[in-house]
Amino acid sequence: MSILAGRVAVITGASSGIGAACALAFSAKGARVVLAARRAERLTQLVERIESGGGQALAVSTDVTDEAAVAALFDAAQTRFDTVDVLVNNAGIADSTPADAMPLDLWRKVIDTNLTSAFLCARAAIPIMKRQGHGRIINVGSISAKVPRANSPAYTASKWGLDGLTRALAIDCRADNIAVSVFHPGIVATELGGGLSSLPDDLVAQPEDAADVIVHMADLPDHLNFYEALVVQNKIP
Ligand code: NDP
């Protein structure tokens, strides 16, 4: 049986793409899932789908850049399911604005959505995980944290920052049996990924492929950390 059976996983950015696929994949392993994103209707539809298959899910409409909303997300998770075992920091936005054309507001929006959100969610999750004696935080980075794309200074900085946050938290949290790791996908066929690449369909990953990796990283004994995964296109035309 999967270690995820009965565990509670909070997944941000669960209204589409990799996050929605993660919700289904964690649920298929028996996890109870808490789905966070801004588009409430999409979350509700996903909850209905999971519950109609016998799973347990909670939708919490959340802007992950909003400190109070993140606190409310973790309160709601604990009220419904008592605890949080796994946090998947997946919410993100892409941006392709060169630095000399970037308004400060846009820079802040990208950093807030892709990096500060992960800090806020981790800050809320860590005390809960400390109390129960174990936990796992998986951050969804990007190939851009390894190889920057042209004209993406904010996105690239946000994902390098997320990589750094992962390293820092992994060191700080290990004594409390909380494993912190990062998954860097290449191009995945999602709303976000479609705008990044013109690769033919058969060469991009599907959201389910990415979700399989994330579940694999989470489905380990508590004393082990699958620290980093980088899954990129093998064949480029
Ligand atoms: P999608 O656009 O399909 O999903 C992004 C998710 O993030 C949505 O559910 C969106 O929900 C959520 N989100 C965005 N802003 C906020 C916010 N302020 N508060 C709450 N949720 C928010 O793209 P992907 O599934 O591709 O992206 C998931 C992650 O994967 C991102 O971190 C992305 O950087 C990363 N990634 C993706 C790649 C790809 O090729 N697709 C490649 C490398 C990394 P809503 O709008 O409802 O709030």
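Calculation notes
- Residues numbered from 1 in each chain as written.
- Predicted model: local features only at pLDDT ≥ 70, side-chain atom pairs only at ≥ 80, totals over all residues.
- UniProt positions renumbered as here; feature names shortened; annotations may be inferred.
- Helix = DSSP H or I, 4+ residues; strand = E, 2+ residues; numbered from the N terminus.
- Core = buried A, V, L, I, M, F, W, Y, C linked by C-beta atoms within 7 Å.
- Buried ≥ 20, exposed ≤ 12 C-beta atoms within 10 Å, placed from the backbone.
- Contact = placed C-beta atoms within 7 Å.
- Near = placed C-beta within 6 Å.
- pLDDT = per-residue confidence, 0-100.
- Pairing = 2+ DSSP bridges.
- Axes fitted to C-alpha atoms, helices over the stretch in contact; angles between N-to-C directions.

Engineer: Whenever I open this one, the UniProt feature "domain: Ketoreductase" (unreviewed entry) in the protein chain confuses me. Can you help?
Structural biologist: The feature "domain: Ketoreductase" (unreviewed entry), as annotated in UniProt, sits at residues 7-191 in this numbering. Secondary structure across residues 7-191 comprises 49% helix and 18% strand; the distance between its end C-alpha atoms is 29 Å.

Engineer: I would appreciate a short explanation of the nonpolar core in the present structure.
Structural biologist: The nonpolar side chains of a soluble globular protein tend to be buried with one another. Among the nonpolar cores identified, the biggest contains 77 residues, and I11, C22, A23, V34, L35, A125 and I214 are the most heavily contacted of them. Excluding anything up to four places from it in sequence, I214 contacts C22, V88, I138 and F183.

Engineer: Just checking my understanding: could you explain the site of the ligand for this structure?
Structural biologist: The environment of the ligand is formed by 31 residues, the closest being G13, G17, R38, G92 and G193. Those elements giving two or more residues to the shell around the ligand turn out to be α1 (17-28) and α6 (191-194).

Engineer: I tried to follow the confidence of the model for the protein chain on my own but got confused; where do I start?
Structural biologist: As a note on interpretation, predicted positions should not be read in detail where pLDDT is low. Looking at the protein chain as a whole, its pLDDT mean stands at 97, while 100% of the residues score no less than 70. Prediction confidence for the complex, expressed as pTM and ipTM, is 0.98 and 0.99 respectively.

Engineer: Hey, could you run me through the sheet that holds strand β6 (residues 178-185) in this one?
Structural biologist: The pairing of strands in a sheet comes from backbone hydrogen bonds and takes either a parallel or an antiparallel form. The strand order across the open sheet formed by 7 strands is β3-β2-β1-β4-β5-β6-β7, and the pairing between neighbours is parallel. Taken across any chain shown, the strands that pair with only one partner, and hence form the sheet edges, are β3 (57-61) and β7 (228-231). Each strand of the sheet is rotated relative to its neighbour by a mean of 15°, with strand direction disregarded. By the bridge criterion, 5 bridges tie strand β2 (residues 32-37) to β3 in an arrangement that is parallel. Pairing of V33 across the sheet is with A57, part of β3. Where helix α4 (residues 104-132) meets the sheet, it contacts β1 (8-12), β4 (86-89), β5 (135-140) and β6, and its direction lies at approximately 175° from that of β4. Lying over the sheet, helix α5 (residues 153-173) contacts β5 and β6, oriented at roughly 160° with respect to β6.

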